[in-house]
There are 2 protein chains.
Amino acid sequence: MSFDFFGIIDSQRACRRFSADPVDEGDIDRMLESASHAPSAENSQPWVFVVVQNDDIRREIASLATQVWLNGRAYVEGTLAPNILRDVDEFVNGCFGNAPTLVVVCADLRRVSESLAASSIYPASQNLLLAANALGYGSIFTHFSVNCGEELQSILGLPSEISPYGIIAIGRPDGRLGIPRREPIGPKTHRDRFGTPWAPGEARPLE
Amino acid sequence: MSFDFFGIIDSQRACRRFSADPVDEGDIDRMLESASHAPSAENSQPWVFVVVQNDDIRREIASLATQVWLNGRAYVEGTLAPNILRDVDEFVNGCFGNAPTLVVVCADLRRVSESLAASSIYPASQNLLLAANALGYGSIFTHFSVNCGEELQSILGLPSEISPYGIIAIGRPDGRLGIPRREPIGPKTHRDRFGTPWAPGEARPLE
């Protein structure tokens, strides 16, 4: 197993199909510990994790995600590539691609204001995903919780101050993951002011 | 220089004082490229970066941040530790701790809805901070842009669709950085449902 930093950063990608192999609990600890090393607003460390491995609760969350996806699917049908649409259909209908472990990442709103919570919770989530990649797991961050916060709160018995920000599915990938596709940074990077290319000829006033 | 993944994750911490050494532009490229490998909603890759090295623009942004900090300082005086308050005072008054490079991380709202932008932009920012750490730089993510979006947009000439989400200061640390302080994850981690400890005896219904 390689722990090369840039190799891990560059190879991270979404995994939507998992094998039945469980996620080692020591590895989950390492992922959560990595998450807890993220920066947070005023070092408030407002993250709360619910690690879901119980089959019934996983299925309840997946069924909620399926509803959210079906409600919103029409809005993205025109913009999402057909193969991604099909992958997401399979992923949500198949109980988060059969991921043996879900981590629901929440913000403790007694520790941080709502306006600053996202900038603490998402970096922690990103550390978790990177650590999963480093340890040989596939993972995916999902946004379903954005549109079903209350129902998810009820399934997990979350108090009102503990607000879910995302659901991460983790497991061993079922099959080989492709190479992540990313656009070059040149056209998105500006020097000193918007519109001045970072690299000559690259950034444009508006693409 | 070590590129050990977990070493880099575990040692990341805020830096608020920088030496005058410039940030190598090849290193900035590597940080931005790392940022671009973050996951994003529907793979929209909505990030836009403005790399500010120009002294006048850096000072203009710092003067804006100082205003925002002074306006909000009273709200956090009671909760922030006195040494952090003092560090932030010095940091904003001293032009972001004299960081030679600022990266303003923005979301292109034509690519992603406002409700999903944060969950794409903050993971990318986190990759950038980690890459800075890997390359031996100090860095800090600041939230000042949350309260001064319009003024920052005007300083940088950002079109209305390009919304600033954070300002990252980068440079060589001036002095040795301390060990990051993080609370243990046990009391913040729950098994299957909120209130059931992940590790026996650790998680409590509400801390």
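Everything quoted here is computed from the prediction, not taken from an experiment.

## Things to note about the overall build of chain A
Then, number 1: If you tally the helices and strands in chain A, you get seven helices and five strands.
Then, number 2: When its helices and strands are written in sequence order, chain A yields α-α-β-α-α-α-β-α-β-α-β-β.
Then, number 3: Taken over the C-alpha trace, chain A has a radius of gyration of 18 Å; the compact-globule value for 207 residues is 17 Å, and the two agree within 12%.
Then, number 4: For chain A, the C-alpha atoms occupy an extent of roughly 55 × 40 × 40 Å along the three principal directions.
Then, number 5: The buried share of chain A, taken over its 207 residues, is 48%.
Then, number 6: Counted over contacts in chain A with a minimum sequence separation of 6, partners at least 24 positions apart contribute 77%.

## Some words on the relation of the copies chain B and chain A
Then, number 1: With an RMSD of 0.0 Å, the operation that places chain B on chain A is a rotation of 180° combined with a shift of 0.0 Å along the axis. As the rotation angle and translation indicate, the two copies are arranged about a two-fold axis. Closest approach to the rotation axis within chain B is made by the C-alpha atom of Phe5(B), at a distance of 2.2 Å.
Then, number 2: Residue by residue, 100% of the interface of chain B is reproduced at the interface of chain A, so both copies engage with the same surface.

## What about helix α2 (residues 25-36) of chain A?
Then, number 1: Compared with an ideal rise of 1.5 Å per residue, which puts twelve residues at 16 Å, α2(A) spans 16 Å between its outermost C-alpha atoms and is within 8% of the ideal.
Then, number 2: Of the positions making up α2(A), those classed as buried are Ile28(A), Met31(A), Leu32(A), Ser34(A), Ala35(A) and Ser36(A).
Then, number 3: In this structure, the buried residues of α2(A) make contact with β1 (47-52), β2 (101-108) and α6 (114-134) of chain A together with α1 (5-11) and β5 (189-191) of chain B.

## Brief notes about the domain arrangement of chain A
The figure often quoted for interface size is the accessible area lost as the parts come together.
Then, number 1: The domains assigned to chain A are domain 1 (5-176) and domain 2 (179-207).
Then, number 2: Centre-to-centre, using C-alpha coordinates, domain 1 of chain A lies 30 Å away from domain 2 of chain A.

## Observations regarding the sheet that holds β1(A)
Then, number 1: As summarised here, the arrangement of the five strands in space is β3(A)-β4(A)-β2(A)-β1(A)-β5(B), forming an open sheet in which the pairing is mixed. Every other strand in the sheet has two partners, leaving β3 (138-142) of chain A together with β5 of chain B as the edge strands with one partner each. Each strand of the sheet is rotated relative to its neighbour by a mean of 25°, with strand direction disregarded.
Then, number 2: Examined bridge by bridge, β2(A) and strand β4 (residues 162-171) of chain A share eight bridges and lie antiparallel to one another. What sits directly across from Leu102(A), in β4(A), is Ala169(A).
Then, number 3: On the sheet, α2(A) packs against β1 and β2 of chain A together with β5 of chain B and is oriented at approximately 160° with respect to β1(A).

## Comments concerning the interface of chain B and chain A
Then, number 1: With 65 residues of chain B in contact, the opposing surface of chain A contributes 65 residues.
Then, number 2: Broken down by secondary-structure element, the contributors of at least two residues to the side of chain B that touches chain A are α1, α2 (25-36), β1 (47-52), α3 (55-76), α6 (114-134), β4 (162-171) and β5 of chain B.
Then, number 3: No other element matches the twelve residues that α6(B) contributes to the side of chain B that touches chain A.
Then, number 4: Here the residues of the side of chain B that touches chain A are counted per class, giving 37 nonpolar, 18 polar and ten charged.
Then, number 5: In terms of strand pairing, strand β5 (residues 189-191) of chain A meets β1(B) through three bridges, oriented parallel. Bridge pairing links Thr189(A) to Phe49(B) in β1(B).

## Considerations on the sheet that holds strand β3 (residues 138-142) of chain B
Then, number 1: Strand order in the open sheet made by the five strands is β5(A)-β1(B)-β2(B)-β4(B)-β3(B), with mixed pairing throughout. Each of the sheet's edge strands pairs with one partner strand only, and the pair in question is β5 of chain A together with β3 of chain B. The sheet shows a mean angle of 25° between the axes of neighbouring strands, direction not considered.
Then, number 2: Along the sheet, α6(B) makes contact with β1, β2 (101-108), β3 and β4 of chain B, crossing β4(B) at roughly 10°.
Then, number 3: Seen against the sheet, helix α7 (residues 149-156) of chain B touches β1, β2 and β4 of chain B and runs at an angle of roughly 75° to β4(B).

## Points about the packing of helix α3 (residues 55-76) of chain A against helix α4 (residues 82-93) of chain A
Residues and elements named next belong to chain A.
Then, number 1: With their axes 8 Å apart at the nearest point, α3 and α4 run at an angle of 145° to one another. Between α3, through Ala-62, Ala-65, Thr-66 and Trp-69, and α4, the contact on the second element is made entirely by Val-88, Val-92 and Asn-93.
Then, number 2: Looking at the contact of α3 with α4 residue by residue, the class counts come to five nonpolar, two polar and no charged.

## A few points about the packing of α6(A) against α6(B)
Then, number 1: Where α6(A) contacts α6(B), the two axes come as close as 8 Å, and the packing angle between them is 60°. In terms of axis orientation, α6(A) runs oblique to α6(B). For the element pair α6(A) and α6(B), the recorded crossing hand is right-handed. Contacts from Ala118(A), Ser119(A), Tyr122(A), Pro123(A), Ser125(A), Gln126(A) and Asn127(A) of α6(A) reach α6(B) at Ala118(B), Ser119(B), Tyr122(B), Pro123(B), Ser125(B), Gln126(B) and Asn127(B).
Then, number 2: For the contact of α6(A) with α6(B), a count of residues per class yields six nonpolar, eight polar and no charged.

## Focus on the pairing of β2(A)
The two faces of the sheet receive side chains in turn, since in a regular strand these alternate between them.
All names here are of chain A.
Then, number 1: With eight of eight residues buried, β2 lies mostly within the body of the structure.
Then, number 2: Neither face of β2 is left uncovered, since the one carrying Thr-101, Val-103, Val-105 and Ala-107 and the one carrying Leu-102, Val-104, Cys-106 and Asp-108 both have all their residues buried.
Then, number 3: Here β1 pairs with β2 via six bridges, running antiparallel. By the bridge assignment, Val-50 is partnered in β2 with Val-104.

## Here we look at the environment of Ile9(B)
Then, number 1: Position of Ile9(B) relative to the elements: it lies in helix α1.
Then, number 2: In this structure, Ile9(B) is in contact with Ser34(A), His37(A), Asn127(A), Ala131(A) and Leu130(B), ignoring residues within four places of it in sequence.

Calculation criteria
- Residues numbered from 1 in each chain as written.
- Chains lettered and ligands numbered in written order.
- Predicted model: local features only at pLDDT ≥ 70, side-chain atom pairs only at ≥ 80, totals over all residues.
- Helix = DSSP H or I, 4+ residues; strand = E, 2+ residues; numbered from the N terminus.
- Rg over C-alpha atoms; globule rule 2.2 N^0.38 Å.
- Buried ≥ 20, exposed ≤ 12 C-beta atoms within 10 Å, placed from the backbone.
- Contact = placed C-beta atoms within 7 Å.
- Least-squares fit on C-alpha atoms with pLDDT ≥ 70 in both.
- Expected span 1.5 Å × (residues − 1).
- Domains from an automatic or database assignment.
- Pairing = 2+ DSSP bridges.
- Axes fitted to C-alpha atoms, helices over the stretch in contact; angles between N-to-C directions.
- Nonpolar A, V, L, I, M, F, W, Y, C, P; charged D, E, K, R; others polar.
- Parallel < 35°, antiparallel > 145°, perpendicular 65-115°, else oblique.
- Left-handed = near helix turned anticlockwise from the far one by under 90°.

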